[in-house]
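Residues per chain are reported as follows:
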Amino acid sequence: ERTGSKRTMGMGTSSSLSSAVSTSTDATSMEQRTTGEGLSELAAAGTSMGSAGRDAKYTVSAADLQVYAETVMESIFRKLEREGHFLHFPSEIIWLNGAPGSGKGTNTPFILMARGLSTKPIVMSDLLKEKLPPNEQALVNRGEMLPDREVVETLLRELLRPENRQGVLVDGFPRTVLQVECLKLLHEKMNQLRQTSSRELPRPKFLIVVLYVSQEESVRRQLRRGVSAQRHNDFVREMGSGSIMDVRPTDLDEHLVRKRYQIFRDHRDTLMKLRDRFQFAIIDAEDSLANVQERILDEFKYQSAQELQPVTYDLIAGVPLADRIRENARPKLVARLDSYARFHKDMFQGAVDMVVQQFIPLIHSGVFAGSARVVMSELRDSRWENSLFIAMCVDILSERGYRCMYNQRDLKIPSRVDLATGEIHVRIEREHHFVFRFPSAHLQRGTNNGGSV
């Protein structure tokens, strides 16, 4: 949700987009497919949309793209309402994406089971094959992208089917920068309908799942799928038993197979734009099916943003997810170390010397255990009174691959006894405890004349 003044979808016009494009601006030419090359450019800077002929490219700003996406979505919503559709979208939508051959179809039933959904998944390739005219289906067979507006409208109509209201999985959307913007606007529209509708509508839940495999693994799986389908069909034709399988033209041509993966690679960065807005899971799908499905379950464990009541979630939303902290840890560590060297050079050098002279010898003594404990006292070295010096030591060792845990303890040491009252006076001595974990060394054992050494 955006903060600040409330914005009504569709307020902007396409005039700003028109001024940014150097060629035709009629409605048909503006609603174009995004080419793979354009997606790469968009990931870095702006937005590039392919023309109707797919050869010319128009470069527009992110703001212009947003205005255009709003115009597209508002026109589709109005069209649906004029046709009498009540805009009741599914309460939960799982947006499944992944490289070709990553196992989206194989894992779809498992994902639906894990989320407790029984509805038939919406597979965009099948849906478009069913709904779109043959000339546009030919684009799919060549591994190319379809016009965004037609894809989005076709999907929205399918989402509005009554059987999908409890939740549904969508396989293969979004795939372009415009489709990503349309997905965001759909979520906004669903929240708006929830606030304004006379009917009680649930809070929309969006979960994005990306299955990843490398290019070579993707190519191998796709070509193997094509060969397997052809062999099966040959058997069915010869024996007259069984059903003919659908053979994808793109599974029979290595050039088209690699082209499909390149499209995925190009739009992968576009998908990442949704990571900070919705629940987002990236699954390594190169392993065995059992291990992949175990990872899927692990990713689904924490769905509090969708499952908790809004009031509850709002109270705890300020606590960062563990995965987010982990993702940013390395860049922040590097920035801190560079800052120490630049602004606190002498203290930083002292911390390095401390680590080398005091910590590393003790770490060597625990090399076979894979752990070591170091205790430092402020009485012996006043530098330990400085929290920045402590942070430097921890960061230095963390950067060198040691897992470091730190805490401090205040020891109460008796200093004198008041004989008249019996009161024991103590002095406080603060100790700094460091525990390090690292891969242990393995002691190689050999034999001598058949005996154990």
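Read on for a plain summary of the structure. Bear in mind the structure is a predicted one, so any value in this text is a computation, not a measurement.

Definitions and cut-offs
- Residues numbered from 1 in each chain as written.
- Predicted model: local features only at pLDDT ≥ 70, side-chain atom pairs only at ≥ 80, totals over all residues.
- Heavy atoms only, no water.
- Helix = DSSP H or I, 4+ residues; strand = E, 2+ residues; numbered from the N terminus.
- Expected span 1.5 Å × (residues − 1).
- Buried < 20%, exposed > 50% of the residue type's maximum accessible area, 1.4 Å probe, protein only.
- Contact = heavy atoms within 4.5 Å.
- 1 Å grid on protein atoms, 1.4 Å probe; cavity = no way out; pocket = protein on both sides within 12 Å on 5 of 7 lines; lining within 4 Å.
- Points joined across faces, edges and corners; volume = space filled by probe spheres on them.
- Nonpolar A, V, L, I, M, F, W, Y, C, P; charged D, E, K, R; others polar.
- Pairing = 2+ DSSP bridges.
- Axes fitted to C-alpha atoms, helices over the stretch in contact; angles between N-to-C directions.
- Salt bridge = Lys/Arg side-chain N within 4 Å of Asp/Glu carboxyl O.
- Polar contact = N/O pair within 3.5 Å; in protein donor to acceptor, adjacent residues only side chain to side chain.

## Overview of helix α8 (residues 148-159)
Here α8 is 12 residues long and its end C-alpha atoms lie 16 Å apart, about the 16 Å a rise of 1.5 Å per residue gives. Summarising burial for α8: 10 of the 12 residues are buried, a large majority. Looking at α8, one finds that the buried residues are D148, R149, V151, V152, E153, T154, L155, L156, E158 and L159. The secondary structure elements touched by the buried residues of α8 are α4 (62-82), β3 (92-98), β4 (122-123), α6 (124-131), β5 (168-171) and α9 (177-196).

## Details of empty space enclosed by the protein
Within this structure, the stated rule accounts for 3 cavities of 30 Å³ or more. Here the largest cavity defines a volume of roughly 80 Å³. Along the walls of the largest cavity sit L87, H88, F89, P90, S91, M190, L193, L201, P202, R203 and P204, which together make up its complete lining. Its residues placed into classes, the lining of the largest cavity shows 8 nonpolar, 2 polar and 1 charged.

## Focus: the pairing of strand β9 (residues 403-417)
Across 14 bridges, the pairing between β9 and strand β10 (residues 424-437) is antiparallel. Looking at the pairing, M405 lines up with V435 of β10. The turn linking β9 back onto β10 is made up of 6 residues, and G422 within it adopts a positive phi angle of 80 degrees.

## A look at the pairing of β5
In β5, alternate side chains face the same way, and those of V168 and V170 on one face and L169 and D171 on the other are all buried. Bridge count between β3 and β5: 4 bridges; the pairing is parallel. Directly across from I93, in β5, lies its bridge partner V168. The pairing of β4 with β5 spans 2 bridges and is parallel. Its bridge partner being in β5, I122 is matched across the sheet by V170.

## Some words on the sheet that holds strand β6 (residues 205-212)
On the basis of which strands lie adjacent, the open sheet formed by 5 strands has the order β4-β5-β3-β6-β7 and parallel pairing. Looking along the sheet, the strands with just one partner apiece sit at the ends: β4 and β7 (279-284). Sheet topology places β3 next to β6; 7 bridges connect them, and they run parallel. Across the sheet, the residue bridging to G98 is L211, located in β6. Along the sheet, helix α11 (residues 254-272) makes contact with β3, β6 and β7, crossing β6 at roughly 140 degrees.

## Details of the pattern of salt bridges
Within this structure, the stated rule accounts for 21 salt bridges. Between R330 and E399 there is a salt bridge, and its shortest N-O distance comes to 3.4 Å. Here R330, found in helix α15 (residues 322-343), pairs with E399, found in helix α17 (residues 387-399); they are 69 residues apart in sequence, far enough to count as distant. What makes R330 partly exposed here is its relative accessible area of 46%. For R400, the salt bridge identified is with E399, shortest N-O distance 3.1 Å. Judged by its relative accessible area of 26%, E399 is partly exposed.

## Considering the side chain of R221
Along the chain, R221 turns up in helix α10 (residues 215-239). Within the structure, the side chain of R221 is placed 2.8 Å from the side chain of E217, a separation counted as a polar contact. For R221, the residues in contact, after removing those within four places along its chain, are G101, S102, G103, V213, A285, E286 and D287.

## Focus on unusual backbone geometry
Cis geometry is adopted by the peptide bond preceding P174, which originates at F173 and carries an omega value of 0 degrees. The residue P174 is located in the loop between β5 and α9 in this model.

Keep in mind these values describe shape, not function.
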